[in-house]
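Close look at the chain arrangement
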Amino acid sequence: MLKSPLGRLRVIAIVEGISFLALLGIAMPLKYVYDMPEAVKIVGWIHGILWVLYLLAVRDVANSRQWPRKRVAAAFVASVLPAGPFVMEPSLRREQAAIDEK
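First, a word on what this report is: a plain description of the structure on this page. Every chain's residues receive numbers from 1 upward, in the order its sequence appears when written. Only residues with pLDDT of at least 70 get local features here, since the model is predicted, and only at 80 or more are side-chain atom pairs given and counted; chain-wide, interface and lining totals rely on the full set of residues. To obtain the side-chain values, all non-hydrogen atoms of the structure were used and water was disregarded.

Some points on the pattern of salt bridges
The term salt bridge refers to a pairing of a side-chain nitrogen on Lys or Arg with a carboxyl oxygen on Asp or Glu at a separation within 4 Å. In total, this model carries 5 salt bridges according to the counting rule given. We note a salt bridge from Arg 65 to Glu 95, for which the minimum N-O separation is 2.9 Å. With Arg 65 in helix α2 (residues 37-65) and Glu 95 in helix α4 (residues 84-101), the pair connects residues that are 30 residues apart, well separated along the chain. The buried label goes to any residue with under 20% of its type's maximum accessible area, the exposed label to any with over 50%, and the partly exposed label to all in between, with areas taken from a 1.4 Å probe on protein chains only. For Glu 95, a relative accessible area of 12% corresponds to the buried category. In this structure, Arg 71 and Glu 95 form a salt bridge, with 3.2 Å as the shortest nitrogen-oxygen distance. Highlighted residues: Arg 71 in helix α3 (residues 69-80) and Glu 95 in helix α4, separated in sequence by 24 residues. The numbering of helices and of strands both runs from the N terminus, where a helix is a DSSP run of H or I of at least 4 residues and a strand a run of E of at least 2.

Below, the structure is given as structure tokens:
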């Protein structure tokens with residue numbers, strides 16, 4: 001799965017999506033309810049790094065698969081929505097399956 005740009009994007013998207021949910025659902029409540037700002041600092045850094053890797057992976061796939069700008073924009077929008085990467089995953093999986101069939 002990690003051998004192709006699309007496979008790498010799929011993995012990074014899922015991990016980035018999990019980190020975003022952890023930031024919003026775990027770290028933020030710890031900061032604001034239990035006065036533990038360290039949680040946001042740590043999870044926020046991890047999420048930030050994964051987000052940049054996600055954007056780089058989108059750029060890599062967009063170049064290698066010649067994605068139209070609309071698809072690249074949709075991938076970017078998915079990155080800023082809490083469940084966006086999970087919503088995008090089925091279409092990435094179908095595209096990967098079509099590649100694998102050839």
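Describing the packing of helix α1 (residues 5-34) against α2
Relative to each other, α1 and α2 sit at 160°, their axes nearing to 8 Å. Looking at the two axes, α1 sits roughly antiparallel to α2. In this structure, the crossing between α1 and α2 has a hand that is left-handed. Under this grouping Gly is polar, as are all residues other than the nonpolar Ala, Val, Leu, Ile, Met, Phe, Trp, Tyr, Cys and Pro and the charged Asp, Glu, Lys and Arg. Here the residues of the contact of α1 with α2 are counted per class, giving 23 nonpolar, 4 polar and 4 charged. Note on definitions: angles span 0 to 180 degrees between N-to-C directions of axes, and those axes are lines fitted to C-alpha atoms, for helices only across the stretch in contact. Roughly parallel covers angles under 35 degrees, roughly antiparallel covers those over 145, roughly perpendicular covers 65 to 115, and oblique covers all other angles. Two helices that cross are described as forming a left-handed crossing if the nearer one is turned anticlockwise from the farther one by less than a right angle, and a right-handed crossing if clockwise.

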